[in-house]
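Given next are the chains, with one letter for each unit.
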Amino acid sequence: MEGLALKQQPQWENFELKFEDIEFLYELFLEKGQPLSLEELVRALVGRAREERKKELAKLAEEGLIYRPGNSYRPGQEFFVPAFGFARASVLSVRPGYNPDYGEFEVVKVKFADSGEVREFASSLKKPHKLDRETPEDWIARLDIDVQAVIERYGQAIGSAVARRLASEEEFVSFGNLWFLKALMPEIHEGYLNIAEAAIEVAQRPLSTAEILKHLELPATQPANLQIFALNVALARDNRFVQVGPKGQPLWFLQRFAPPEVTQEPERLAYSALPYRKELLSQELIEIIQSIDDEATEPEFFADLPAPGDSVTIALPYHHLRSGTLPITSKTAPFFPEGESDVTLINFTDGVKGEKFYGWAIRSRKYVAGLRDWYEKIGATVGAYITLSRGKSPTEVIIKYTPRRIKKDWVKVAKVQNERLTFEIQLRQLTCDFDELMMIVEGERERIDALKRKMDSTGKSLYEILLQIFPELLKLSPQGTVHTLTLYTAVNLIRRCPPPPLLAELNSHPCFIYKGSGYWAFDESKV
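Residues numbered from 1 in each chain as written. Predicted model: local features only at pLDDT ≥ 70, side-chain atom pairs only at ≥ 80, totals over all residues. Heavy atoms only, no water.

Helix and strand counts for the protein chain stand at 15 helices and 23 strands. Against the compact-globule benchmark of 24 Å for 527 residues, the protein chain has a radius of gyration of 34 Å, which places it well outside the compact range. If one aligns the C-alpha atoms of the protein chain with their principal axes, the spans along those axes are about 110 × 70 × 40 Å. With 527 residues in all, the protein chain has 48% of them scored as buried. Across the protein chain, every contact between residues at least 6 apart in sequence was considered, and the portion connecting residues at least 24 apart equals 64%. Only carbon and sulfur atoms are counted for the fraction: they give 49% of the accessible area of the protein chain, which is about 26,500 Å². Distance between charge centroids for the protein chain: 3 Å, based on 66 positive and 76 negative side chains. (Helix = DSSP H or I, 4+ residues; strand = E, 2+ residues; numbered from the N terminus. Rg over C-alpha atoms; globule rule 2.2 N^0.38 Å. Buried < 20%, exposed > 50% of the residue type's maximum accessible area, 1.4 Å probe, protein only. Contact = heavy atoms within 4.5 Å. Areas by Shrake-Rupley, 256 points an atom, 1.4 Å probe, with all protein chains shown as cover. Lys, Arg positive; Asp, Glu negative; His and termini not counted. Charge placed at Lys NZ, Arg CZ, Asp CG, Glu CD.)

It is worth spelling out a negative patch on the surface at this point. A cluster of acidic side chains, namely Glu20, Glu23, Glu27 and Glu31, defines a negative patch on the protein surface. By secondary structure assignment, the location of Glu31 is in helix H1 (residues 19-32). (Patch = residues over 30% accessible without salt bridge, like charges linked within 9 Å, V, L, I, M, F, W, Y side chains within 5 Å. Salt bridge = Lys/Arg side-chain N within 4 Å of Asp/Glu carboxyl O.)

This part covers unusual backbone geometry. Even without being glycine, Ser124 reaches a positive phi, approximately 60°. Residue placement: Ser124 occurs in the loop between strand S5 (118-123) and helix H3 (136-142). For Ser124, a relative accessible area of 8% gives the class buried. We note that Asn418 has phi near 55°; this positive angle belongs to a residue other than glycine. Structurally, the position occupied by Asn418 is in the loop between strand S18 (408-417) and strand S19 (420-429).

One finds Leu326, Phe336, Phe348, Ile386, Leu388 and Leu421 to be the most contacted residues of the largest nonpolar core, which totals 71 residues. Dropping the residues within four chain positions of it, Phe348 is found in contact with Leu326, Phe336, Glu355, Lys356, Phe357, Tyr358, Gly359, Val368, Leu371, Leu388, Val397 and Ile399. Of all hydrophobic cores here, the second largest spans 63 residues; its members include Val42, Met185, Leu207 and Val262. (Core = buried A, V, L, I, M, F, W, Y, C linked by side-chain atoms within 4.5 Å.)

Our next topic: a nonpolar patch on the surface. Together, Tyr26, Leu30 and Leu184 give the surface a local cluster of nonpolar side chains, amounting to about 230 Å² of exposed area. With respect to the element layout, Leu184 can be found in the loop between strand S7 (178-181) and helix H5 (190-203).

The antiparallel open sheet is built from 3 strands, whose spatial order is S1-S7-S6. If you trace the sheet from one side to the other, it starts and ends with strand S1 (36-37) and strand S6 (172-175), each paired once. Where S1 lies against S7, 2 bridges are found, and the strand directions are antiparallel. Pairing of Ser37 across the sheet is with Leu178, part of S7. Lying on the sheet, helix H7 (residues 224-237) is in contact with S6 and S7; it crosses S6 at an angle near 85°. (Pairing = 2+ DSSP bridges. Axes fitted to C-alpha atoms, helices over the stretch in contact; angles between N-to-C directions.)

This part takes up the packing of helix H13 (residues 462-474) against helix H14 (residues 484-494). Contact geometry for H13 and H14: axes closest at 10 Å, N-to-C directions at 120°. Judged on the interaxial angle alone, H14 and H13 are oblique. The interaxial crossing formed by H13 with H14 has right-handed handedness. Residues Leu462, Ile465, Leu466, Gln468, Ile469, Phe470 and Leu473 of H13 lie in contact with H14, whose contacting residues are Thr486, Leu487, Ala490, Val491 and Ile494. (Parallel < 35°, antiparallel > 145°, perpendicular 65-115°, else oblique. Left-handed = near helix turned anticlockwise from the far one by under 90°.)

Right under this line is the structure:
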């Protein structure tokens, strides 16, 4: 029986859907008549592979192609040996054998096709042997085809392959983690979507799909879960709507209610990665990096830090004050859950005044938009201490500032003179408590913005910017040093730069001398 072979099992770690897999899933949707999750599809595919192998082994056993000690064999025959992973073997010769427990029998000498190894096995046993009693279920267990084990080990890879392939097939449609057949979808026409828009506008808040569905009066002949799925698909394809709910809880709002920062990244947040040498960062400098909440700092710097508790406090960076946003970092991320889409609506409550307002967490860009008006109301400054606390639901956040008792104070003010950034001390009205080292007030915002644009267009290096800014800040320091936090804010006035490349740049030039505790000195003779 030349070419005898078992049907090849799927390579789960590198799984790709074949045509017969697509047909199987198509029939599965027809049978179930409702959307199925990616996990359900993966389980069905793995279960199908197991059952197909089980049927195959049962058929081979019926045809005498599975080695059993009670069967008789002749030279030239082939069979599969369960104890050797169902390796294929060819009978070379047969000789008589005897055993006191089994009496007379035959010994077959076989050669394995893959390894070329030669072995001998008993055959034609008159007395029942345990191997003769093995069933296809036993063989499946021997092959270690366990559906749950395969899913636990390869489920994510299989799911990715399934989603990738189904997305390329016109017959299938998806929303979130659910898939279905396009041909079986209820029709959601333009009129229904107009009603959905009006319902959200009247409510002035996000609505769940089920809430919107109540306004549409779709035919009752279709299952509610299928109607919800079809409506979710239609809403997701219409640019008027934005999905803002946390994972597993679709909520729909109107795109026009979102602040511009949701669709367009603010100019002050845009960061073009600056190359730097990580070996220049000592443990002390890394701890300084960890103390600054900058979303552009690589997550690896925060890997060893403990998880945040029920509340965290950050010092508001300059670029977020200007943009009306909050950074999403390892410290703040737990307060802003991932959503079904890239945007999650956050229900903020002012912990001082009790006012409520919406925030928009954009996970891919690592910021929360919608805080501009609140910053203006509380008089937030660079370095303002902002405390986030968990609310009653995952999307509720209590946001709090600390009012200052001393309403006026002397602070650093940035200005532009002769196309250079300069600094002076001025008495300013202040309402929020803040980090004094990080705090710098913009004295001339338009001129500072113009200088930033010029710095960006001329390609000034970070080193050149530091050489210009550092001496100016030194003029305000009787100790002849400048703190990292002050430099961080000053540099970001005219060049977006997170802490790691800033500190690496400082530590790579002998003219900048680290004095400890975050402070730097400057030696112009070493420039």
